[in-house]
Amino acid sequence: MLDAAIIGLGWWGKILTQTLSASSKIRVMRLFDVDAVAGQAFAADHGVRFAEGFEEILEDDAVGAVILATPHSLHEQQIIAAARAGKHVFCEKPLCLDRASAVRALDAVREAGVRIAIGHERRFEPPIMRAASLMREGQLGAPMHIEGNFSHDIFTALDAGNWRMNSSESPAGGLTATLIHLMDLSISLFGQPEQVRASCECHGGVVTNGDTLSAHVRFVGGRTATLNALTHTPFFSRFAIFGSEGWAEVRDKAHVQTPEGWFLTTCFKDGKPSTEEFAAATPVLSNLEAFADAVAGTAPYPNTPEQMTMNVSLLEAIVKSNASGRVEEVER
Ligand SMILES: NC(=O)c1ccc[n+]([C@@H]2O[C@H](COP(=O)([O-])OP(=O)(O)OC[C@H]3O[C@@H](n4cnc5c(N)ncnc54)[C@H](O)[C@@H]3O)[C@@H](O)[C@H]2O)c1
């Protein structure tokens, strides 16, 4: 059993705490948030000790891992502090906001000899795993292109001062909220991104840092992906892989905070599209438990530090391209 502390008890920190109550691999034994009043009340409701500060958690030898669910600009310094204190780290996405920051954080992790994991639970969705296997096993033929769209209107309820509306904390609309998951999936399938052209506009007038983001990514070797994230439209989620012999498309019924299941449609050369329904599953828990397995040494964690760095480099290039209006290189 991995004893962990969760830092940041907003929307996602609460979901992670509740999710881990069903885990046989991770026990949440400390909680912390700078909002002590709300944090203490949440901790009391869940029967978990609330810490006075992050330092207290870092000094506690009983804590084996920290799980970071804090605003993005805090991730680098919190990863470094946790790693130097000998704690394994599960960090919510994005790892960091630029490549240099990700490199510093991952260097600290490597030097400390601890494990790092990231909140890209979509890799653990059963229909995504099936579609990825179809591609990797060659059943789609030569892999050619990815189309992804992960959109919702959850943030239209936030007030204008929320950090998610702030372009330095949350640049280019849905980039760090939802597009980052599609970028991660694309990297897991197509590898190193090389160039990107991105555009982010605000049409709905509420999510002021942008509500309509689209990116065209070219990977080394010439495969491509068109990825979209709208933050002012009802929930929509689709991920499709196209190959020379067939295609596979995953559609989600609901946001991952309350999974309701998926549809996987496949079509192979000379055949007709066929749709299979997948029951609800718990990818957030699967991801956290894959982290615990990596810490225990029973299985490697599937998202490597190299892939995490590629994703932050792509994030940085998307921000650059949106500002410049040009195709930008993804730093390697
Ligand atoms: N994996 C997913 O699907 C998913 C979904 C939603 C959010 N997230 C990620 O989770 C993280 C948090 O997002 P959120 O929506 O919960 O944000 P939020 O604003 O709801 O919560 C953030 C919390 O962090 C606390 N906080 C701020 N500074 C802190 C500090 N120095 N130390 C401790 N706590 C501090 C705030 O008080 C707040 O309670 C982000 O990285 C976000 O991208 C991931």
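Presented here is a report on the structure given in the accompanying data block. (Residues numbered from 1 in each chain as written. Predicted model: local features only at pLDDT ≥ 70, side-chain atom pairs only at ≥ 80, totals over all residues.)

1. With respect to the sheet that holds strand β11 (residues 236-243)
Sheets are built from strands paired through backbone hydrogen bonds, the pairs being either parallel or antiparallel. If you walk across this open sheet you meet the nine strands as β14-β13-β12-β11-β7-β10-β9-β8-β15, and the pairing is mixed. At either end of the open sheet lies a strand with only one pairing partner, and these are β14 (274-278) and β15 (328-329). Pairing between strand β7 (residues 143-151) and strand β10 (residues 224-230): five bridges, direction parallel. Residue pairing across strands places Glu147 opposite Thr226, the latter belonging to β10. Taken strand by strand, helix α7 (residues 175-190) contacts β7, β8 (193-201), β9 (212-219), β10 and β11, and its axis lies near 160° from that of β7. (Pairing = 2+ DSSP bridges. Helix = DSSP H or I, 4+ residues; strand = E, 2+ residues; numbered from the N terminus. Contact = placed C-beta atoms within 7 Å. Axes fitted to C-alpha atoms, helices over the stretch in contact; angles between N-to-C directions.)

2. Quick notes on the sheet that holds strand β1 (residues 2-7)
Here six strands make up an open sheet; going across it, the order is β3-β2-β1-β4-β5-β6 and the pairing parallel. The open sheet terminates on both sides in strands that have one partner only, identified here as β3 (49-50) and β6 (116-118). Alignment of β1 against strand β4 (residues 65-68), held across four bridges, turns out to be parallel. The residue bridging Ile7 from the neighbouring strand is Leu68, located in β4.

3. Structural notes on the site of the ligand
The environment of the ligand is made up of 23 residues, and the closest members are Gly8, Gly10, Trp12, Glu92 and Gly119. Looking at which element gives the most residues to the shell around the ligand, the answer is helix α1 (residues 11-20), with three residues. Its residues assigned to classes, the shell around the ligand shows 11 nonpolar, seven polar and five charged. (Near = placed C-beta within 6 Å. Nonpolar A, V, L, I, M, F, W, Y, C, P; charged D, E, K, R; others polar.)

4. A look at helix α6 (residues 126-136)
Taken as a whole, α6 has its buried residues at Pro127, Ile128, Ala131, Leu134 and Met135. For α6, the arc enclosing every buried residue in end-on projection is 120°, short of the 170-degree limit, so these residues lie on one face. Opposite the buried face of α6, at more than 90 degrees from it, the exposed residues are Ser133 and Arg136. Just beyond α6, the residue with positive phi is Gly138, at close to 90°. (Buried ≥ 20, exposed ≤ 12 C-beta atoms within 10 Å, placed from the backbone. Arc of directions from axis to C-beta.)

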